[in-house]
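One-letter residues, chain by chain:
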Amino acid sequence: MDYLSWNMNMLKHDKKFKFHPKCGKLKITHVTFADDLLLFCKGDVYSIQKLYQCVKDFGVTSNLEANLSKCSIFYGGVKDSVKSSILGCLGFPEGVFPIRYLGVPLICKRLSYVDCTPLFQKISTRVLQKIDDLCRDFLWGKTDQAFKSPLVAWDKVCKEKKYGGLGIFSAKIWNIASALRTICFTNAVWNGIMDWLQFDWKLVTGIAC
């Protein structure tokens, strides 16, 4: 990604390239998070072509290619004629707000349980239950040849020692806790981006890959 960042930073020397209205002062063209990439520029064909050329050059150099089926472009205040020209260059569909990450909407307000449901469903509950079953059977010595009934309920075993349990992690509970942590972190990062851009949808043109 260092090469990609370096290549995009070179755009500041191109007098025809126009930065996103909220990014021009700091000369910022992109934000990366894990293996996701957000690109920002003014909604004109030349700027978008130059920005995307950096991505293609990175792909040739690193043999890493963006999944075009997961790429979208978001406009604000861009004429339909310009949109058509951009579509002809990129082939990306126009995205729909709110932008989603792991199925969760990236919004400024507090996420609800319904908003988070797609993330909870990423891991099959049957898989998590199987992990808990294997751990429980191992604890009580249950095998295919020997049947031993659990002496204590699994939810009590998973409690902390100070509450009378053994402090064993339940896969189902751990998954929910990890999902909530990811949501909180992702939401915090996105809110930081919103604050940084002083977000105004009317001024935004971005490509999400």
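Anything mentioned here points back to the structure above.
Each value, and the rule that gives it
- Residues numbered from 1 in each chain as written.
- Predicted model: local features only at pLDDT ≥ 70, side-chain atom pairs only at ≥ 80, totals over all residues.
- Heavy atoms only, no water.
- Helix = DSSP H or I, 4+ residues; strand = E, 2+ residues; numbered from the N terminus.
- Buried < 20%, exposed > 50% of the residue type's maximum accessible area, 1.4 Å probe, protein only.
- Contact = heavy atoms within 4.5 Å.
- Areas by Shrake-Rupley, 256 points an atom, 1.4 Å probe, with all protein chains shown as cover.
- Arc of directions from axis to C-beta.
- Salt bridge = Lys/Arg side-chain N within 4 Å of Asp/Glu carboxyl O.
- Pairing = 2+ DSSP bridges.
- Axes fitted to C-alpha atoms, helices over the stretch in contact; angles between N-to-C directions.
- Parallel < 35°, antiparallel > 145°, perpendicular 65-115°, else oblique.
- Left-handed = near helix turned anticlockwise from the far one by under 90°.
- Nonpolar A, V, L, I, M, F, W, Y, C, P; charged D, E, K, R; others polar.
- Patch = residues over 30% accessible without salt bridge, like charges linked within 9 Å, V, L, I, M, F, W, Y side chains within 5 Å.

Asks: Where do I start with the overall build of the protein in this structure?
Replies: Helix and strand counts for the protein stand at seven helices and six strands. Put simply, the protein runs from its N terminus to its C terminus through helices and strands in the order α-β-β-α-β-α-β-β-α-α-α-α-β. Considering the protein as a whole, with its 209 residues, one finds that 34% of them fall into the buried category. Expressed as a percentage of contacts within the protein between residues at least 6 apart in sequence, the contacts between residues at least 24 apart total 57%. Put simply, the protein shows about 13700 Å² of open surface, and 58% of that area lies on carbon and sulfur atoms.

Asks: What is the right way to read helix α1 (residues 2-9) from this model?
Replies: The periodicity of an α-helix, 3.6 residues per turn, causes residues three or four places apart in sequence to face the same way. If you check which residues of α1 are buried, you get L4, N7 and M8. An end-on view of α1 places all buried positions within 95° of arc, on one side of the element.

Asks: Is there a simple way to think about the pattern of salt bridges in this case?
Replies: Pairing is possible between side chains of opposite charge, provided their charged atoms come close. Counted according to the given criterion, the structure contains three salt bridges. Between K50 and D14 there is a salt bridge; the shortest N-O distance is 4.0 Å. With K50 in helix α2 (residues 45-62) and D14 in the loop between α1 and β1 (30-33), this residue pair connects regions lying 36 residues apart in the sequence. Using a relative accessible area of 32% as the deciding quantity, one classes K50 as partly exposed. Residue D14 is classed as buried on the basis of its relative accessible area of 18%.

Asks: Mind showing me how you'd approach the pairing of strand β2 (residues 36-40) here?
Replies: Remark: a regular strand shows side chains that alternate across the two faces of the sheet. Of all five residues in β2, four are buried; the element is thus mostly enclosed. Taken together, β1 and the strand that follows it, β2, pair antiparallel across an intervening segment of two residues, in which A34 is found at a positive phi of about 55°.

Asks: Just to check I follow, could you spell out the packing of α2 against helix α3 (residues 80-90) for this structure?
Replies: Contact pair α2 / α3: the axes reach a minimum separation of 10 Å and the direction vectors enclose 20°. Comparing the axis directions of α2 and α3 gives the class roughly parallel. Relative to α3, α2 is oriented so that their crossing is right-handed. Facing V45, I48, Q49 and Y52 of α2, the residues of α3 in contact are V82, S85, I86, C89 and L90. Partitioned by chemical class, the residues of the contact of α2 with α3 number seven nonpolar, two polar and no charged.

Asks: Help me understand the pairing of β1, please; the structure alone is not making it clear to me.
Replies: With four bridges connecting them, β1 and β2 associate as antiparallel partners. By the bridge assignment, T32 is partnered in β2 with L37.

Asks: Whenever I open this one, the environment of Y75 confuses me. Can you help?
Replies: Summarising the element assignment, Y75 is placed in the loop between β3 (72-74) and α3. When the C-alpha positions of Y75 and G43 are compared, they lie 7.2 Å apart, and in sequence the two are 32 residues distant.

Asks: Sorry if this is basic, but what is going on with the packing of α1 against α2 here?
Replies: Angle between the axes and distance between the axes are the two parameters that describe a pair of packed helices. Running from amino to carboxyl end, α1 crosses α2 at an angle of 150°, the nearest separation of the two axes being 9 Å. In terms of axis orientation, α1 runs roughly antiparallel to α2. α2 is crossed by α1, and the crossing has right-handed handedness. Every residue of α2 that contacts α1 at Y3, L4, N7 and M8 is listed here: L51, C54, V55, D57, F58 and T61.

Asks: Help me out: how do you make sense of a nonpolar patch on the surface in this one?
Replies: Taken together, Y3, W6 and M10 make up a surface patch of nonpolar side chains, about 300 Å² in accessible area. Assignment of secondary structure puts Y3 in helix α1.

Asks: Is there a simple way to think about unusual backbone geometry in this case?
Replies: Glycine aside, residues mostly have negative phi, and peptide bonds are mostly found in the trans state. Between F97 and P98 the backbone carries a cis peptide bond, its omega angle lying at 0°. Following the sequence through the fold, P98 ends up in the loop between α3 and β4 (100-101). The residue K27 is not glycine, and still its phi comes out positive at about 60°. On the secondary structure map, K27 appears in the loop between α1 and β1. A residue is classified by how much of its surface remains accessible, and K27, at 43% relative accessible area, is partly exposed.

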